[in-house]
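# Structural overview for review
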Amino acid sequence: MLALDINNLSYEPDTDPSIAVQRQLLIRYPEKSTYTNGEKMSYILSGNAFLDGKNSSMTMTLKAESASANFLFGQAQGSALNIFNRVRVVSGSGKVISDVLDHNLFAAVASRMKLSKQYRSIVGSSFGHGGVTLATADTHHFQIPLMLLSPFFNSNQLIPPSISEGLIIELYLETPAQAFESAAGVTSYTVSNAEIVIDSSQVADQYMKMIMSMPMTYEFTDVVQSDAFMSSANQQIEHVIPHSLTNAVEAFGVLRKQSDVNNGLVNSFNTVGPALVVTNADEMKWSVGSIKLPQQPALGSLKIYNILLNTQQVLSSRTCDSFNIDYSADFATKIGVYSVDLCRSRMYANSGRELSNGQRLSLFVKQSIAADYLLDCFVYHTARVVAVFSSDVKHASITVER
């Protein structure tokens, strides 16, 4: 096409500023067509393309067996994510990139801290949010965003081909008693027709060679988990997080009654918070080495809830765009959360604290309601996957930094 010069304006053909030659949705399948509770579902990715994990999803169908005609995931925070108790992402060379234990518990709590009520009611209905009663006689279809399935995919960066090629996604299926809530208890369940739908972008060969000539870094906010037992005789616990992390940015702990965890008749992911009666009987204190966060222990439900609002930056907003924990309805009995902000500065999202043998992160909780509890602590931290390319993308050297 020729350029036109009319009325002192130049009219030239449109140019494409992108080096990508093709963007499409790729479908990848697990190793088997059908899985049952207790098994591990694995996907192996392939293809010389950049992947947008945040704009990708997994679809599946689920069929539950129960003496009851109906079942549900849990009214307060349950979803189809309940069925995955561990999610691992492993590089093609066998290096573990992300490994989240008790992932279903993490997802149940984080969905209320990080997702808005509107998101959960609209998009969440596609992956089982909302406490909808499901018929045992029917097969149910769900679509789960990959960014909720693993923190590895919750990044604004594209995953480069050197990391995505041969990438393994492992999903460990939960026991029925923990995954579901049912009048008669779900005895077993089956997952079938599972597939991952990935947003991929291919790059022209001449640009790919240029990209391969330099190291590339993929950065995301990963999550690690640790747990402990809290006796009803003591009604308090101080748990020291065992992980050494270069850049921890946020953490939270939750208490569950031990008797509820494997009880298929109740929601196994209800987390017990401080009693709403405003007394000093409930207490929370986080520490990083000698630094106390907050400076003085938070006493009573209102102060502990206020710390939660602070860590999620709700106090600085007039909306709850990404927060959905109601103080009077949820905090004491359903979504109790003991949280801490580990960022040293608000200027940068990854301005976190180093955790090591000499500077451990610890949580002290005093609970006024006596029971045998399980304490689960989750720590967000910045993770990086560095890929040094060779002439063949399949033989890139991968380093994981935590």
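Above: the structure in question.
This is a predicted model, so every value here is computed, not measured. (Residues numbered from 1 in each chain as written. Predicted model: local features only at pLDDT ≥ 70, side-chain atom pairs only at ≥ 80, totals over all residues. Heavy atoms only, no water.)

### Quick look at helix α8 (residues 301–311)
- The complete set of buried residues in α8 reads S301, I304, Y305, I307, L308, L309 and T311.
- Among the structural elements, α1 (103–114), β17 (283–288), β18 (291–299) and β19 (338–341) are those in contact with the buried residues of α8.
- Positive phi appears at Q313, one or two residues downstream of α8, with a value of about 60°. (Buried < 20%, exposed > 50% of the residue type's maximum accessible area, 1.4 Å probe, protein only. Helix = DSSP H or I, 4+ residues; strand = E, 2+ residues; numbered from the N terminus. Contact = heavy atoms within 4.5 Å.)

### Comments concerning the packing of aromatic side chains
- Enumeration over the complete set of coordinates arrives at 16 aromatic pairs.
- On the numbers, 5.0 Å between centres and 70° between planes, the contact of Y305 with F331 is edge-to-face. Of the two residues, Y305 is situated in helix α8 and F331 in the loop between α8 and β19; the sequence distance between them amounts to 26 residues. An identical accessibility class is assigned to Y305 and F331; each is buried.
- Here the aromatic residues F71, F73, F142, F180 and Y189 are joined through ring pairs into a cluster of three or more.
- The ring of Y35 has K32 sitting right over it, with the charged end atom 5.0 Å from the ring centre.
- Across the ring face of F364, the terminal group of K285 is positioned such that the distance to the ring centre comes to 5.6 Å. (Phe/Tyr/Trp six-rings, centres within 6.5 Å; stacked < 30°, edge-to-face > 60°. Lys NZ or Arg CZ within 6 Å of the ring centre and 35° of its normal.)

### Regarding the sheet that holds strand β21 (residues 361–366)
- Taken together, the four strands give an open sheet; going across it, the order is β15-β21-β17-β18, and neighbouring strands pair in antiparallel fashion. Strand pairing shows two members of the sheet lacking a second neighbour, β15 (236–240) and β18, which therefore form its edges. The mean angle between the axes of side-by-side strands here comes to 5°, regardless of whether they run parallel or antiparallel.
- Two elements, β15 and β21, share five bridges in a ladder whose sense is antiparallel. (Pairing = 2+ DSSP bridges. Axes fitted to C-alpha atoms, helices over the stretch in contact; angles between N-to-C directions.)

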